[in-house]
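Each chain, written out:
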Amino acid sequence: MKIFKLLLLIIVSALFIIGSCKKDSSSPYDGPTNPVEESPSRVETVTIQSPALGIEKNFNIYLPKGYDESTESYPAVYLFRGHENEWTQHGIQDRVNSLYNADKIGKMILVMPGLTYESNPMVGFPVNMINRGILGSSLSGLGTGQFEDYFIDDLIPYVDNSYRTKANREFRGTDGFSAGAYSAIMIALRHPDLFSTAGCYDGPFGWSDFDDPGIPGHLDDNVWMNGSNFDPYFGNPRDMDYMRSYNPPDMLSDASIDQLNMIKTIHFFIHAACPEAT
């Protein structure tokens, strides 16, 4: 059910960047009498060399129906969860095909980055780790741990150069579920010049200044202050200034007027599942 709700969120988010690509069933077909049959959509697993990580890294990419025969360029939506296979394991291709066939969305390219170990034992974020060493080297897939640099400097340029994306912010968006929802909003706030939409479902954002108003005292946001998943990214004890720079409420509080004006141009779609957010 959650993955279905997230896909509905993706529809809404993507509509802002794919309006020009939406099917127009009211227009009569004026092409050849026997048009070439479109190739089916597909998901490819791609391996690239990442200078930021110093290793090869996988990502999955969904290419829409007719991609091979067309010369058309498409909007791109980056889907975050952690491991690149989490989306394909939940049937993303069939879901998106169904929405397209029902005229709910237009054609788009979906990119599913891998931001954790190859074996997926922990959650991953597009954050540059400052304490990579605590994870050791027994499992592959982390490299240097500089995952923000990988995503921004390696992956997005590779996708834009290798596939027919509409390679500008007006046609590029982010979406995510749970930890991936945090990633989708956070990376759009840090790089508002790259994204025009950002959607999330059930994202674990930290309280402002990591101060839970329901608990007396300060720095009592238990998830962020004590969650072991954050240790490689923000250190233990935490580097508070560094962690603030990746926490959406604090990023907004600390943003300049120019940064806020750019952020205001992003279309945000945020669905919260926790009672505290309602």
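What you are looking at is a predicted structure, and each value in this text was computed from that prediction instead of being measured.

S.K.: Looking at this model, I keep getting lost on the overall build of the chain. Mind explaining?
M.R.: When you go through the chain residue by residue, the secondary structure sums to ten helices and seven strands. Each of the 278 residues in the chain was classed as buried or not, and the buried ones make up 49%. For the chain, the accessible surface area stands at approximately 12900 Å², while carbon and sulfur atoms represent 52% of it.

S.K.: Before we go on, may I ask you to explain the packing of aromatic side chains in this structure?
M.R.: Aromatic rings considered in pairs are described by the distance between their centres and by the relative angle of their planes. For the structure on display, the rule yields 19 aromatic pairs. The interplanar angle of 10° and the centroid separation of 5.5 Å between the aromatic rings of Phe125 and Phe230 together place this pair among those described as stacked. Here Phe125, found in the loop between strand 4 (109-113) and helix 4 (147-162), pairs with Phe230, found in the loop between helix 6 (222-226) and helix 7 (231-234); they are 105 residues apart in sequence, far enough to count as distant. Judged by its relative accessible area of 6%, Phe230 is buried. Seen in terms of ring centroids, Phe210 and Trp224 are 5.7 Å apart; in terms of plane orientation they differ by 40°. Their pairing is tilted. Of this pair, Phe210 sits in the loop between strand 6 (197-201) and helix 6 while Trp224 is found in helix 6, placing the two residues 14 residues apart along the sequence.

S.K.: Looking at this structure, how should I read helix 5 (residues 179-190)?
M.R.: An α-helix turns once every 3.6 residues. As a result, residues three or four positions apart point the same way. Between its first and last C-alpha atoms helix 5 spans 17 Å; for twelve residues at 1.5 Å apiece the expected length is 16 Å, and the two agree. Where burial is concerned, most of helix 5 is hidden: eleven out of the twelve residues are buried.

S.K.: Hey, could you run me through unusual backbone geometry in this one?
M.R.: Backbone geometry follows two general trends: most residues other than glycine have a negative phi, and most peptide bonds adopt the trans configuration. At the junction of Asn236 and Pro237, the peptide bond is cis and its omega measures out at 10° in the coordinates. Structurally, Pro237 can be placed in the loop between helix 7 and helix 8 (240-244). Even without being a glycine, Phe210 presents a positive backbone phi close to 55°.

S.K.: Just to check I follow, could you spell out the pairing of strand 3 (residues 76-80) for this structure?
M.R.: In summary, the side chains of a regular strand alternate between the two faces of the sheet. The element strand 3 is extensively covered by neighbouring structure, given that five of its five residues are classed as buried. In strand 3, alternate side chains face the same way, and those of Ala76, Tyr78 and Phe80 on one face and Val77 and Leu79 on the other are all buried. Two elements, strand 3 and strand 4, share three bridges in a ladder whose sense is parallel. The partner of Tyr78 across the bridge, within strand 4, is Val111. Sheet topology note: the strand 3/strand 5 (residues 172-177) ladder contains five bridges and is parallel. The residue bridging Ala76 from the neighbouring strand is Arg172, located in strand 5.

S.K.: Any chance you could explain the sheet that holds strand 1 (residues 42-50) here in plain terms?
M.R.: The strands that make up a sheet are held in pairs by hydrogen bonds between backbone atoms, and each pair lies either parallel or antiparallel. Pairing within the open sheet is mixed, and its seven strands lie in the order 1-2-4-3-5-6-7. In this open sheet, the two strands that pair with only one neighbour each are strand 1 and strand 7 (267-271). Averaged over all pairs of adjacent strands, the angle between their axes in this sheet comes to 20°, without regard to strand direction. Pairing of strand 6 with strand 7 involves five bridges; the strand directions are parallel. Note that in strand 7 the partner of Ala198 across the bridge is Phe268.

S.K.: What is the right way to look at the pattern of salt bridges in this model?
M.R.: Pairing is possible between side chains that carry opposite charge, provided their charged atoms lie close to one another. Applying the stated criterion across every chain, the model contains ten salt bridges. Here Asp250 ties to Arg244 by a salt bridge, and the two come within 3.2 Å at their closest N and O atoms. Here Asp250 and Arg244 have matching classes, each one buried. When the shortest N-O distance is used, the salt bridge between Asp254 and Arg244 registers 2.7 Å.

S.K.: Any chance you could explain the environment of Pro113 here in plain terms?
M.R.: Note that Pro113 resides in strand 4. Residue classification places Pro113 among the buried residues on the basis of a relative accessible area of 3%. Taking the C-alpha atoms as reference, Pro113 lies 8.9 Å from Lys57; in sequence the two are 56 residues apart. Setting aside its immediate chain neighbours within four residues, Pro113 contacts Phe59, Tyr78, Leu79, Phe80, Gly82, His83, Glu84, Phe151 and Leu155.

S.K.: Would you take a moment to explain the nonpolar core for this structure?
M.R.: Nonpolar side chains in soluble globular proteins tend to end up buried together. By size, the foremost hydrophobic cluster in this structure holds 55 residues, and its most contacted members are Ile61, Tyr78, Val127, Phe151, Leu155 and Phe234. With nine residues, the top contributor of residues to this core is helix 5. Within the second largest apolar cluster, 14 residues are counted, among which are Leu79, Val96, Ile105 and Met108.

Quick notes on the rules
Just so you know, the residues in each chain are numbered from 1, in the order the chain's sequence is written. Given that the model is predicted, a residue must reach a pLDDT of at least 70 before its local features are reported, and side-chain atom pairs must reach 80 or more before they are shown or counted; all residues, however, enter totals for whole chains, interfaces and linings. Note that water and hydrogens are dropped before the side-chain values are worked out from all heavy atoms of the structure. Strands here are runs of E lasting at least two residues and helices are runs of H or I lasting at least four, both read from the DSSP assignment and numbered beginning at the N terminus. Each residue's exposure class comes from its accessible area (1.4 Å probe, protein chains only) as a fraction of the maximum for that residue type: buried when under 20%, exposed when over 50%, partly exposed otherwise. Here the accessible surface of atoms and residues is derived via Shrake-Rupley with a 1.4 Å probe, and residues count as covered only by protein chains that are part of the display. Side-chain rings of Phe, Tyr and Trp, where Trp is taken by its six-membered ring, are said to pair if the distance between their centres is within 6.5 Å; with planes under 30 degrees apart they count as stacked, over 60 as edge-to-face, and otherwise as tilted. Given a helix with a known number of residues, its expected span is that number minus one, times 1.5 Å. Strands are treated as partners if at least two bridges between them are detected by DSSP. For helices, the axis comes from a line fit to the C-alpha atoms of the stretch in contact; other axes are also lines fit to C-alpha atoms, and the angle between any two N-to-C directions lies between 0 and 180 degrees. When a carboxyl oxygen of Asp or Glu lies within 4 Å of a side-chain nitrogen of Lys or Arg, that pair is called a salt bridge. Contacts were defined at the residue level, with two residues in contact if any of their heavy atoms lie within 4.5 Å. In plain words, nonpolar cores are sets of buried Ala, Val, Leu, Ile, Met, Phe, Trp, Tyr and Cys residues tied together by side-chain atoms within 4.5 Å.

Purely geometric numbers; function is a separate question.
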